Amino acid sequence: MLVEKATEEGDKKLVLSSPYNFMYASEIVARVINIDSEEQIPTRLDPGYSYYKIMDFQTVKADTGIYYDEQAGAYKSGQYGFVIFEDQKIKWISPITVSRDKMKAYYSIYPTKLGKIPSYADIEEILHQYKILSRIEQKKIEEQLQNIDSANPRFTRILVAQGREPVTGHEEYYLPLINLQKKAGEIKSDGSIDFKEVGSIIEVKKGQDVLKRVPGVKPSDGYDIYGDKSFAEFERHEGYSKGDNIVQGAGDDTIFVSALDGCIDIDGKKISVLPVAFIHGDINYDTGNIDFDGSVHITGSVNPGFSVKARGDIIIEKNVDDAYIEAQGDITVKMGVVGKENVKLVANGKVMAKYLLNAKVEATGDIIVEDSIINSDVFSNSKISVVARQGKIIGGKATALHEIIVNVSGSPNETETHLTVGRNLFIEKELAAIHKEISKWRQVVDETMRKLKVSFGEAVFENPKEFITKLPTVKKKNCLLLLKELSDNNKELKKFVEESKEVQNKLKLDREPCIIIKNKAYPNTVISIKKSIKRIDSPIDNVKYYEDPEEKIIRFSPAV
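Residues numbered from 1 in each chain as written. Predicted model: local features only at pLDDT ≥ 70, side-chain atom pairs only at ≥ 80, totals over all residues. Heavy atoms only, no water.

1. Description of the overall build of the chain
So, step 1. Regarding its fold elements, the chain presents six helices and 45 strands.
So, step 2. The globule rule puts the C-alpha radius of gyration for 560 residues at 24 Å, and the 49 Å found for the chain is more than 25% above it.
So, step 3. Once the C-alpha set of the chain is aligned to its principal axes, its extents read approximately 150 × 85 × 45 Å.
So, step 4. Taken across its 560 residues, the chain has 39% of its residues classed as buried.
So, step 5. Put simply, 44% of the contacts in the chain that link residues at least 6 apart link residues at least 24 apart.
So, step 6. A total accessible area of about 32,000 Å² is found for the chain, and carbon and sulfur atoms account for 49% of it. (Helix = DSSP H or I, 4+ residues; strand = E, 2+ residues; numbered from the N terminus. Rg over C-alpha atoms; globule rule 2.2 N^0.38 Å. Buried < 20%, exposed > 50% of the residue type's maximum accessible area, 1.4 Å probe, protein only. Contact = heavy atoms within 4.5 Å. Areas by Shrake-Rupley, 256 points an atom, 1.4 Å probe, with all protein chains shown as cover.)

In structure tokens:
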């Protein structure tokens, strides 16, 4: 019926092999006639027929779908279809084509020589013969038949039967509406790539779209055109499940938003929004540096060269190794802090750790260490305490505003160890910056006065108004500009002087500072209280150091 042919463009497509071979029921397919010459042929053809073939006499047989009409003396088609002559047989080819998956059946139509096309009854009969059960509606078949124009014949295939595909079921799942992929790194201004900046923490705001819900689908079995069942499957999608602090948004019941400001947490296939960023494992090149507008909880360690910054608290379950840690809240290191040259902890709250070794620490709140502070530079704007029974501070500098409490200071080999209380390093840094500004503006004022003296002499400062009135117009303008500049500079200088007085008031202590060494203070421990200094030159046990308020010298008494 269909043969493959190449187009002018070289493409291959199926085309109808012959427009003459479609026959309706009872139409003459062939008639065998004997002739003496070809001139006799036109007079022997049946009305409406023009095709013929001359061949030597041979036996012709009717195959399935073809019958011989004795009265007409011709072979006729039993029903609508395509007819061919092959192997001395006239064969009928069914117009029904079934798809490979048996889900659809098509009926091939081309108007016959007499302009006939099959009716719905013809189609229904052959579908019955093929035991095709899942037929489409009669109305839809008839609509397709009505679109066939016998006056302009062309090959047409109409859909006559269709099964139902099985519906694959799945559970409800969610698709992320935010990018969960980490960056490869961040390009710096010099064109190099910082591989520590991968953006592993994904921050979200309250009300931000986070997930889209894909409703679950119940599996439904299908069937082919013969009525045979096709069993449905149940598949698992690579989607996510909804975790904590994600709620349905307004207006669209498939969109889910964050219930709070926080960050995305992915635990297996569950997505949550948490106020705390949980880092499962170490801070390394996989996580990159951490910078989060909330609290951070790290289950591993922070590796050398990395940084963790948080506007809340930071909890580190293991170690900090030569890294930078900064928190607006507390910093807790369950194990130790070990530095080489870059380790630093900065907290606006407390700092708690098992031990500090070669570390720099600044805390607005208490610094609480369990075992030891060794060769470190630590400052607390409140109190430093080493709480273990053999807790010690050896080497380095420990500075607190109010109090240092430790069991052992220094070591038997007399390592120089500085313990200082009564100093607010934060205020001192602020004062140092203000004093730098005061020094700068004093230089500016002095330079302006020098210009005035050089240009107008000392008399300009005795009575500036009267002095200006006596000046020529050109000099008057220059003098006024310099005097205004001097006035503006003095205002700036006065502003910083007043600010310095205000900041110095913050240095006043609400209680007297002290240093308590419960067990033993070794020689070369240097005790500093406010501006008084005392170096211990022999071992001493159970001692509390304080400053005599009247004599401004360091005294001591039993600690307990």
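2. So, the sheet that holds strand E22 (residues 255-258)
Hydrogen bonds along the backbone pair up the strands of a sheet, which may run parallel or antiparallel.
So, step 1. Pairing within the open sheet is antiparallel, and its four strands lie in the order E13-E17-E22-E21. Since the sheet does not close on itself, it has two edges, and those belong to strand E13 (173-176) and strand E21 (246-248), each with one partner. Across the sheet, the mean angle from the axis of one strand to that of its neighbour is 35 degrees, orientation sign disregarded.
So, step 2. Strand direction decides the pairing type here: E13 and strand E17 (residues 209-214), joined by four bridges, are antiparallel. Looking at E17, one finds that Pro 176 is bridged to Leu 211. (Pairing = 2+ DSSP bridges. Axes fitted to C-alpha atoms, helices over the stretch in contact; angles between N-to-C directions.)

3. Some remarks on the nonpolar core
So, step 1. Core analysis: the largest hydrophobic core is formed by 53 residues, its most contacted members being Val 296, Val 302, Val 320 and Leu 345.
So, step 2. Examining the composition of this core, we find that four residues originate from one element, strand E36 (residues 367-380), more than from any other.
So, step 3. Aside from chain neighbours lying at most four places away, what touches Val 302 is Ile 283, Val 308, Ile 316, Asn 319, Val 320, Asp 321, Ala 323 and Ile 325.
So, step 4. Judged by nonpolar contacts, the second largest core, of 31 residues, contains Tyr 24, Phe 82, Ala 105 and Val 160. (Core = buried A, V, L, I, M, F, W, Y, C linked by side-chain atoms within 4.5 Å.)

4. Description of the packing of helix H4 (residues 425-456) against helix H6 (residues 473-505)
So, step 1. Two elements in contact, H4 and H6, have axes whose closest approach is 9 Å; the angle formed by their N-to-C orientations is 160 degrees. Viewed along their axes, H4 and H6 adopt a mutual orientation that is roughly antiparallel. Helix-helix and strand crossings are classified by hand; for H4 and H6 the assignment is left-handed.
So, step 2. Across the contact of H4 with H6, the residue classes break down as 18 nonpolar, seven polar and eight charged. (Parallel < 35°, antiparallel > 145°, perpendicular 65-115°, else oblique. Left-handed = near helix turned anticlockwise from the far one by under 90°. Nonpolar A, V, L, I, M, F, W, Y, C, P; charged D, E, K, R; others polar.)

5. Notes on the sheet that holds strand E24 (residues 270-274)
So, step 1. Judged by pairing direction, the sheet is mixed, and its four strands sit side by side in the order E16-E23-E24-E20 without closing on themselves. At either margin of the open sheet sits one strand with a lone partner, and together these are strand E16 (203-204) and strand E20 (241-242).
So, step 2. Note that E16 and strand E23 (residues 262-267) share two bridges and pair antiparallel. Following the sheet pairing, Glu 203 is matched in E23 by Cys 263.

6. Concerning the side chain of Thr 112
So, step 1. The residue Thr 112 is located in the loop between strand E11 (104-109) and helix H2 (120-129) in this model.
So, step 2. Relative accessible area serves as the criterion here: at 5%, Thr 112 is assigned to the buried category.
So, step 3. For Thr 112, the contacting residues outside a window of four places in its chain are Phe 22, Met 23, Tyr 24, Glu 27 and Tyr 80.

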